[in-house]
Each structure stands twice: as structure tokens, then as C-alpha cells.
Amino acid sequence: MKVFFNNKIIDKNNATISVECNGFQYGIGFFTTLKYSDGICHFLQEHVKRLKNSLLKYNLKPPKINYEMIIKELIKENQLEIGRVKILHYLNENDTIGTYIKTDYYIEDNKPKILKVHKSLRGDNELYKHKSLNFFENVYYKKEAESQNFNEFLFLDYNNNILETCYSNIFFLKENTLFTPISTLPILNGIIRQQFIQNKFQNFKIIEKEINVDEIKSFSGCFLTNSINNIVPIEKIIYNQKIIHYSIISIDTFIKH
């Protein structure tokens, strides 16, 4: 498999960094993940803009790179028709910015999921609003959820407001209105979330607000959004040992034809 690593396309086995690299030592860096299909890098400009904003927020200078050209060349080299693209920038030991871009084959998974509200509460850390290389918490909790035979944890803040899951933003449906946690909370403002709020997927009214966990039983439906699977319906949420059932929402409900 070929990857783009520091200005050249090479075999992934030859992409190596120093153990003294700040990205390795301290997790200093940011990444984004998007989908490639039908010859299109979906929402590439939006992903790049968020990635650059994260770098600038923490005083890291974004490199000048033609992301689209590189990704299309990797897709061609790796003979992929559909795939997942990961763009990663990290801080080297000499304070320069390194770049790693890879493409992998990926099958979209839109099967209804089961969530469980996690018992820990999240503080108001600015890093939660960025996809930093400090991603261990997300990966760990996703594996923990799967080990307990459900799909993801749903996280709350110290006021018991709903935030997001390990990898996705969340929306709730009541009649013809969608509710989603407001972006001032410690959540990632996901690219597909942004598209919903800008009304590019559907014709429902959108309300961003603080949603207390005790409200989840009042909604008729629920779904997740992320850049790989777009829309994923939620079948159940487990909260305080009780199961809240939702009507399975059809993905076609939100796609404009």
C-alpha cells in the first residue's frame, strides 16, 4: 500500500519517524478522516479548513499541500474505487510539520446501532473540539463498548448534557425537528454535522441546544453522523440500566433527491 509521507509517495513500510518526534512523544498534531467514492473526495475543502484551523489554534503552521492531487494519486496507486482517507499533520522534533496521508479500502456501515451512556463525565477541554493525535480515549472507549456487546458510548458533561459518542455526533428527532448538542459544548463540530445544520441533507428544522440526558426518552428517533458512514440510525440507548427504544430512521429520509 502506498502512502504520502513528507512530500513523496512511498510504500507504507518505508514511512518512519524518529522516536524523538513531538508527535510521537507528546501526541502533538491533528488529523482528519474522509470518504472517497465515485471519483470524489467528499467535503475535502471542509476537512482541510478544519484541519488548518486546528493547527493555527495551537500555533502550528499548516503546510502548503495540494491535498486533492495527492489523494487522487494515492487512490490510483492503491487501485481503490472507494475508500477512507486519513490526513495527519504532526510536529517533528525540529518544530517542523510532518505530513502523512493514507488511503484504505472501507465498507460503509449504516446498520442500526446500540449506545450506552458512559458513567464518566467530560470537562470543558478545548481539545475535544479538535481531532488531535491525543485520540487514545476515543479508541479505548470504542473497544470497551464493543467488548460489552454494544456499539459506542454516549458521553455527558458535568451538567449531564449529552455531548457525542466516541467517533460521531448525535441528532435526536421529534416530529419534524432535529435536535443536536450545541457546538459551544466540548464536542467536535463534525463535517457531516455541519452539512445538516446548513440544511444540505434534509428539510427538517434544526435546533442546537443543551440536551439533558433525562430528555432522551422524549424523542422518537436518533441517529449519528460521521464522515465515513454519513448517517447511522440508533436502535437503543442504555441509560441507568434502562433501555430506551427508538423507531429506526430511514437514511433516505434525510437525503435530498
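Residues numbered from 1 in each chain as written. Predicted model: local features only at pLDDT ≥ 70, side-chain atom pairs only at ≥ 80, totals over all residues. Heavy atoms only, no water.

## Quick word on the overall build of the chain
The cut-off we apply is this: Secondary structure follows DSSP: runs of H or I at least 4 residues long count as helices, runs of E at least 2 residues long count as strands, and numbering of each begins at the N terminus. Each residue's exposure class comes from its accessible area (1.4 Å probe, protein chains only) as a fraction of the maximum for that residue type: buried when under 20%, exposed when over 50%, partly exposed otherwise. In what follows, residue pairs with any heavy atoms lying within 4.5 Å of each other are defined as contacts. Surface accessibility follows the Shrake-Rupley procedure with a 1.4 Å probe radius. Residue values consider only the protein chains on display as shielding. In summary, the charge assignment counts Lys and Arg as positive and Asp and Glu as negative, without counting His or the chain termini. Throughout, a charge is located at the NZ atom of Lys, the CZ atom of Arg, the CG atom of Asp or the CD atom of Glu.
The helix and strand inventory of the chain stands at five helices and 15 strands. Oriented by its inertia axes, the alpha-carbon framework of the chain measures out at about 50 × 40 × 35 Å. Among the 257 residues that make up the chain, the fraction classed as buried is 47%. At a minimum sequence separation of 6, the contacts of the chain that also span at least 24 residues come to 67%. By element, 48% of the accessible surface of the chain is carried by carbon and sulfur atoms, the whole surface being about 13500 Å². Measuring between centres, the 33 positive side-chain charges of the chain sit 1 Å from its 28 negative side-chain charges.

## Considerations on the pattern of salt bridges
Rules: Just to be clear on terms, a salt bridge is a Lys or Arg side-chain nitrogen sitting within 4 Å of an Asp or Glu carboxyl oxygen.
Applying the stated criterion across every chain, the model contains eight salt bridges. Residue Arg193 is joined to Glu208 by a salt bridge in which the shortest nitrogen-to-oxygen separation is 2.6 Å. Here the residue Arg193 occupies a position in helix H5 (residues 191–197), and Glu208 occupies one in strand E12 (residues 205–209), the gap between them amounting to 15 residues. The exposure class of Arg193 is buried, given its relative accessible area of 1%. Put simply, Glu215 and Lys209 hold a salt bridge, and the shortest N to O gap is 3.4 Å.

## Quick word on unusual backbone geometry
Located in the positive-phi region is Asn230, a residue other than glycine, with phi close to 65 degrees. Along the chain, the position of Asn230 falls in strand E14 (residues 230–239). For Asn240, which is not a glycine, the phi torsion comes out positive at approximately 55 degrees. Turning to its location among the elements, Asn240 is positioned in the loop between E14 and strand E15 (242–245).

## Description of the side chain of His47
Put simply, the rule is: Two N or O atoms form a polar contact when they lie within 3.5 Å of each other; inside protein one atom must be a possible hydrogen donor and the other a possible acceptor, and for residues adjacent in sequence the pair counts only when both atoms belong to side chains.
Checked against the element boundaries, His47 lands in helix H2 (residues 44–57). In this structure the side chain of His47 is engaged in a polar contact, spanning 3.2 Å, whose partner is the side chain of Ser227. Leaving out residues up to four positions away in the same chain, His47 has contacts with Thr32, Thr33, Leu34, His42, Ile191 and Ser227.

## A short note on the packing of aromatic side chains
For clarity, the threshold we go by: Between rings of Phe, Tyr and Trp, where Trp is taken as its six-membered ring, a pair exists when centres lie within 6.5 Å; planes separated by under 30 degrees are stacked, by over 60 edge-to-face, and by other angles tilted.
Summed over the entire model, instances satisfying the criterion amount to 15 aromatic pairs. An angle of 65 degrees between the planes, with centres 5.5 Å apart, marks the rings of Tyr140 and Tyr141 as edge-to-face. According to the relative accessible area criterion, Tyr140 is partly exposed, its value standing at 44%. For Tyr141, a relative accessible area of 16% corresponds to the buried category. Consider the rings of Phe179 and Phe219, whose centres lie 5.6 Å apart with planes at 50 degrees: the pair is tilted. Of this pair, Phe179 sits in strand E11 (residues 177–181) while Phe219 sits in the loop between E12 and strand E13 (221–226); the two residues are 40 residues apart in sequence, bridging distant segments of the chain.

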